[in-house]
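Structural overview for review
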Amino acid sequence: MSRCLPSAWGALTVGMAVSVMRPLPQVQSVRLSNTALPLDTTGRSILTGETDVIYHSNAWFFYVNSWGGCRPVDCCGSSGGCASCCYVPPTRRFPDECVFTANHTVYVYRTTDLAQWELLGAALTPGDRPPGIEFRPHVVYNPGTALFVMWFENRPSAIVSKGYTIATSPSPEGPFTVVRTEVAVADTPGDFDLLEVNGTAYHVQTTTNDPKRPRDFVVTVLDANFTGPSATSATFTAPLPAEGPVFFQRGDVFFILAGTTCCACRGGSSVYVFAAPTPLGPYTYHGDVGTNHTTAPYDVHSPYNYITRAQASVVISVPTIGGGISYLWLGNQWVTSDRRDSDLLFWAVLNFTPNNTIRQLEWHDSTEVDPLVRASPRDQVK
């Protein structure tokens, strides 16, 4: 694939060949840093932003929504505290130069081992979609149509949303072609995630953008093409308004993780745990495993209220050499660099209790992942 590469990289140009990734010798383990970014096959740090991941043809494909290279905004000193960024309109003290702009571009990386990262190019550019502010791309493979289906929110303005936009591609690297726009699912569009289970796709979204139901989440069955909703849905409620749902399956249990609102904010958010025996529920709340209990009482101006200091993007299933599966939580440590597209990531292997809930997360400077082997279809996240 030779679509456009980030202009901020100077020497890289449109159409430039990307280094071919060669598999490493047998990998005993992979250590992922929470204080430095992985390097791609050209030696550059990978781009970061809202991220989704699918596993296909023995490789993971990471879809990164790059907001560009402008400076992030630290709102911890504002009256509303760390989570109050994304001012509409921006203020002189807290300018917002990246979040609500029309240049957002989805880049895709391929890795077979989480150690070597190959940038394939842009899977979705502003020219590939109607004008708008593109957020939260999620991709799922439809085995019935043999197409990769990308959903994203494409807002006409900062605080107005008219529905989700859907694009498809015959290959995971794209390019993706828009097939539907302004698709309504359960409520006013908001953060969401997709999960495919045995040929059926499910969509979970927050309703925080609806002032009448700011704490709800709705799970909806999608149609056979994965390009719209069916009539079947289920609802559950979070303790506080929450967003950024992450949807995954572990054995016979379905998990949705969500966090308190954080608009690309410094310090991240909580990690609420909901679990159910089916994708449609009923969902039981199992607590918050992301709040930092070692600090003083919650302080809206502190960037240390939450263990990971990150906002969740995805959970990745990583098969181990012994036949097990590790579940790797990935979040964005917003406002940790001088560029929006270079903020740090946070990786954490989820630990489960005997009754199949998730243990409290802990801060580590790095996370070690067990040896990698080919994933089985049942335990792939997407």
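Please refer to the structure higher up on the page.
Residues numbered from 1 in each chain as written. Predicted model: local features only at pLDDT ≥ 70, side-chain atom pairs only at ≥ 80, totals over all residues. Heavy atoms only, no water.

This part takes up the overall build of the protein. In terms of helices and strands, the protein carries zero helices and 21 strands. Within the protein, the proportion of its 382 residues that are buried is 56%. In the protein, 56% of the contacts between residues at least 6 apart in sequence involve partners at least 24 apart. Carbon and sulfur atoms form 51% of the exposed surface of the protein, whose accessible area is close to 15200 Å². (Helix = DSSP H or I, 4+ residues; strand = E, 2+ residues; numbered from the N terminus. Buried < 20%, exposed > 50% of the residue type's maximum accessible area, 1.4 Å probe, protein only. Contact = heavy atoms within 4.5 Å. Areas by Shrake-Rupley, 256 points an atom, 1.4 Å probe, with all protein chains shown as cover.)

Glancing now at the sheet that holds strand S12 (residues 216-222). Note: strands within a sheet are paired through backbone hydrogen bonds, in either parallel or antiparallel orientation. Ordered by their spatial adjacency, four strands build an open sheet running S10-S11-S12-S13, and the pairing between neighbours is antiparallel. Pairing within the sheet leaves two strands with one partner each, and these edge strands are strand S10 (192-197) and strand S13 (229-237). On average, each strand axis in the sheet is inclined to that of its neighbour by 20°, with strand direction left out of account. (Pairing = 2+ DSSP bridges. Axes fitted to C-alpha atoms, helices over the stretch in contact; angles between N-to-C directions.)

In this structure, Asn65 sits in strand S3 (residues 59-66). Within polar-contact distance, the side chain of Asn65 engages the side chain of Glu50 at 2.6 Å. In this structure the side chain of Asn65 is engaged in a polar contact, spanning 3.3 Å, whose partner is the side chain of Glu134. If we ignore the near neighbours within four places in the chain, the residues touching Asn65 are Thr48, Gly49, Glu50, His104, Thr105, Val106, Glu134, Phe135, Arg136 and Pro137. (Polar contact = N/O pair within 3.5 Å; in protein donor to acceptor, adjacent residues only side chain to side chain.)

Further remarks concern the nonpolar core. Counting 25 residues, the largest nonpolar core has Trp60, Phe62, Tyr109, Leu114, Ile316, Leu328 and Trp347 as the members making the most contacts within it. Secondary structure elements with two or more residues in this core: strand S1 (30-33), strand S2 (50-56), S3, strand S4 (105-111), strand S5 (118-124), strand S18 (311-319), strand S19 (325-333) and strand S20 (344-349). With 21 residues, the next largest nonpolar core counts Val253, Leu257, Val289 and Leu361 among its residues. (Core = buried A, V, L, I, M, F, W, Y, C linked by side-chain atoms within 4.5 Å.)

Attention now goes to the environment of Val289. Within the fold, Val289 resides in the loop between strand S17 (284-288) and S18. For Val289, a relative accessible area of 5% gives the class buried.

Buried residues dominate strand S7 (residues 147-155), accounting for eight of its nine residues. Two elements, strand S6 (residues 133-142) and S7, share eight bridges in a ladder whose sense is antiparallel. Bridge pairing in S7 links His138 to Trp151. Between the end of S6 and the start of S7, which pair antiparallel, lie four residues, with Ala146 showing a positive phi angle near 60°. Note: S7 against strand S8 (residues 164-169), six bridges, orientation antiparallel. The residue of S8 that forms the bridge with Val149 is Thr168.

So, about the packing of aromatic side chains. As enumerated under the stated definition, the model contains 24 aromatic pairs in all. Centre to centre, the rings of Phe217 and Phe274 are 6.4 Å apart; their planes meet at 50°, and the pair counts as tilted. Residue Phe217 is located in strand S12, and its partner Phe274 is located in strand S16 (residues 272-276); the two are separated by 57 residues in the primary sequence. On the basis of relative accessibility, which here comes to 1%, the residue Phe274 falls in the buried class. Site record: aromatic cluster; members linked through ring pairs are Phe217, Phe236, Tyr272, Phe274, Tyr283 and Tyr285. (Phe/Tyr/Trp six-rings, centres within 6.5 Å; stacked < 30°, edge-to-face > 60°.)

The next subject is the sheet that holds S4. Read across the sheet, four strands follow the order S2-S3-S4-S5 without closing on themselves; strand pairing throughout is antiparallel. Edge positions in the sheet fall to S2 and S5, since each of these pairs with one other strand and no more. In this sheet, adjacent strand axes meet at a mean angle of 25° when their direction is disregarded. Note that S4 and S5 share five bridges and pair antiparallel. By the bridge assignment for S5, Val106 is matched with Leu124.

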